[in-house]
Amino acid sequence: MILGTHDAATYESLVQEFIPRPIHTDQQLQAVQTRIDALIDLERELTLDETDYLDILGTLVWEYEQTLETIPDIYGVDLLKVLVEDRGLRQKDLVPIFKAESIISDIFKGRRQLTARHIQELAEYFSVSPAAFFPLNS
């Protein structure tokens, strides 16, 4: 039985149609996510069996996501360093913003702080929000 807009499936039939298994690859994740989407997109309220099945699928996705390497939040000078490296820039490419290569060097070494003007101009230069240069808990 393929999920339709009016069919209420039993837990057993849902499991038989798509057996929940631990996720180990992005391809398996996509298959589970497609199944979750099909349930969520039903144009009716889910039955208790469907809700329980959806809960199992959601748990499998959550467990898989816990195995993935998290990307740390970066901001400020660390973000600036990543942006410069990713775009193949050199410190001297930022002189129009900082006015002197020595200022850039001092900021990269932690001897100086980014100013509000620096942040605004860097945000415009790299097309990011100025907020990206501030820690999330500030």
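Calculation criteria
- Residues numbered from 1 in each chain as written.
- Predicted model: local features only at pLDDT ≥ 70, side-chain atom pairs only at ≥ 80, totals over all residues.
- Heavy atoms only, no water.
- Helix = DSSP H or I, 4+ residues; strand = E, 2+ residues; numbered from the N terminus.
- Rg over C-alpha atoms; globule rule 2.2 N^0.38 Å.
- Buried < 20%, exposed > 50% of the residue type's maximum accessible area, 1.4 Å probe, protein only.
- Contact = heavy atoms within 4.5 Å.
- Areas by Shrake-Rupley, 256 points an atom, 1.4 Å probe, with all protein chains shown as cover.
- Salt bridge = Lys/Arg side-chain N within 4 Å of Asp/Glu carboxyl O.
- Core = buried A, V, L, I, M, F, W, Y, C linked by side-chain atoms within 4.5 Å.

Trainee: Residue-level account of the overall build of the chain, with values.
Mentor: Per the secondary structure count, the chain includes seven helices and zero strands. Against the globule reference of 14 Å for 138 residues, the chain gives a C-alpha radius of gyration of 25 Å, more extended than a compact globule. Dimensions of the chain, computed from C-alpha atoms along their principal axes, come out at roughly 70 × 30 × 25 Å. A burial count over the chain gives 28% of its 138 residues as buried. Across the chain, every contact between residues at least 6 apart in sequence was considered, and the portion connecting residues at least 24 apart equals 56%. As displayed, the chain offers around 9,500 Å² of accessible surface, 53% of which is attributable to carbon and sulfur atoms.

Trainee: Before we move on, could you go through the pattern of salt bridges and cite the residues and values that matter?
Mentor: A complete count under the given rule lists five salt bridges for this structure. For R117, the salt bridge is made with E121, and the minimal N-O distance between the two is 3.0 Å. A residue pair is termed a helical-turn pair when its members lie 3 or 4 positions apart in one helix, as R117 and E121 do in helix α7 (residues 116-126) at four residues. Classification of E121 as partly exposed rests on a relative accessible area of 25%.

Trainee: Quick rundown of helix α6 (residues 101-108)? Include the residues and the values.
Mentor: Those residues of α6 not exposed but buried are I103, I104, S105, I107 and F108. The positive-phi residue at the C-terminal boundary of α6 is G110, with phi of around 85 degrees.

Trainee: Quick one: what's the story with unusual backbone geometry, residue by residue and with numbers?
Mentor: With a phi close to 75 degrees, K99 is a non-glycine residue in the positive phi region. Considering the arrangement of structural elements, one finds K99 in the loop between α5 (95-98) and α6. One non-glycine residue, S127, lies in positive phi territory at about 55 degrees. For S127, the location among the structural elements is in the segment after α7.

Trainee: Before we move on, could you go through the nonpolar core and cite the residues and values that matter?
Mentor: Judged by nonpolar contacts, the single largest core of 17 residues is most densely connected at L80, L94, F98, L114, L122, F126 and F133. Listed in part, the 14 residues of the second largest apolar core include L14, L29, L54 and Y64.

Trainee: Run through the environment of Y75, naming residues and quoting values.
Mentor: Examined against the element boundaries, Y75 turns out to sit in the loop between α3 (48-67) and α4 (76-86). The partly exposed category is assigned to Y75, whose relative accessible area is 38%. Counting along the chain gives 60 residues from Y75 to P135, while the straight-line C-alpha distance between them is 5.9 Å. In contact with Y75, not counting residues within four places along its chain, are A132, F133, F134 and P135.

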